[in-house]
Amino acid sequence: MNKPEEYLSSIADIKNLMERSSRFLSLSGLTGVFAGIFAIIGAVVAYVYLDYSWMYSNANPRIFNADQSIHSEFIAFLLINAISVLCLALGSGLYFTYRKSKKQNLPLWDASAKHMIINLFIPLAAGGMFCLILLYHQIIFLIAPVTLLFYGLALINASRYTLQDIRYLGLVEISLGLLGALFPGYGLLLWTLGFGVLHIVYGLIMYKKYE
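Residues numbered from 1 in each chain as written. Predicted model: local features only at pLDDT ≥ 70, side-chain atom pairs only at ≥ 80, totals over all residues. Heavy atoms only, no water.

Draft legend 1. Spotlight on the overall build of the chain. For the chain, the count of helices and strands is seven helices and zero strands. Here the contacts in the chain between residues at least 6 apart in sequence split such that 75% fall between residues at least 24 apart. Taken as a whole, the chain presents about 12400 Å² of accessible surface, with 71% of it coming from carbon and sulfur. (Helix = DSSP H or I, 4+ residues; strand = E, 2+ residues; numbered from the N terminus. Contact = heavy atoms within 4.5 Å. Areas by Shrake-Rupley, 256 points an atom, 1.4 Å probe, with all protein chains shown as cover.)

Following this line, the structure appears as structure tokens:
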């Protein structure tokens, strides 16, 4: 091997080490696949429960009482459905991330993982609180688009500390959120596309590319 090739090889090794130390690389593509599957299941349950033909009607008996106040059963359903999907997605994410870290001898928890979680959590927490405010003010048709918007912002914010590909997913999620706000009648459909289908497609691409 001649000198230039040795230098290039050394530079590549150094770049690899720097990337491993500054980015959380244990995130598995299968995490996205299963998160997407659970999101689709949650959306189908919501579709059946709410009867989509009534979804944004002020007369929907599943959502509103006779005095137009939000039905307590709807709030309970919304919270249980959302928390169930979140817990299943997080559980599968932890499992596949742990499996990948062991397989590729990568750290499961380090400074980069901590930074990624913090940068992901702040927009998600703000978005969750904003959705509760929308629910309090009975602005239901904006809840699905807002979740897409803040999730996209969270992905972009966290992409500095993990795989850069997540940034592109975040941009698409934001675009879907804006579309959902513009066309509220398609909120649940766009939510299913963003959290369900896109997660599955993205996860399969990442799995093939990195694993």
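Draft legend 2. Structural context of the pattern of salt bridges. Counted under the stated rule, the structure contains one salt bridge. Of the charged contacts in the structure, one is a salt bridge between D165 and K209, with a shortest N-O distance of 2.9 Å. Placement of D165 in helix α6 (residues 165-182) and of K209 in helix α7 (residues 187-210) is noted, with a sequence separation of 44 residues between them. (Salt bridge = Lys/Arg side-chain N within 4 Å of Asp/Glu carboxyl O.)

Draft legend 3. Layout of the side chain of T97. Mapped onto the elements, T97 comes out in helix α3 (residues 72-103). A distance of 2.7 Å separates the side chain of T97 from the backbone oxygen of G93, its partner in a polar contact. (Polar contact = N/O pair within 3.5 Å; in protein donor to acceptor, adjacent residues only side chain to side chain.)

Draft legend 4. View of the packing of α6 against α7. Where α6 contacts α7, the two axes come as close as 10 Å, and the packing angle between them is 165°. In this view, α6 runs roughly antiparallel relative to α7, as classed from their interaxial angle. The crossing of α6 and α7 is right-handed. From α6, D165, I166, L169, V172, E173, L176, L179 and G180 reach across to α7, where they touch L190, L193, G194, F195, L198, H199, Y202, M206, K209 and Y210. A class-by-class count of the residues in the contact of α6 with α7 yields 12 nonpolar, three polar and three charged. (Axes fitted to C-alpha atoms, helices over the stretch in contact; angles between N-to-C directions. Parallel < 35°, antiparallel > 145°, perpendicular 65-115°, else oblique. Left-handed = near helix turned anticlockwise from the far one by under 90°. Nonpolar A, V, L, I, M, F, W, Y, C, P; charged D, E, K, R; others polar.)

Draft legend 5. Seen up close, α7. When the terminal C-alpha atoms of α7 are compared, their 33 Å separation across 24 residues agrees well with the 34 Å that a helix rising 1.5 Å per residue should span. Its maximal kink placed at L198, α7 deviates by approximately 35°. (Expected span 1.5 Å × (residues − 1). Bend = angle between axes of the 7 residues up to and from the residue.)

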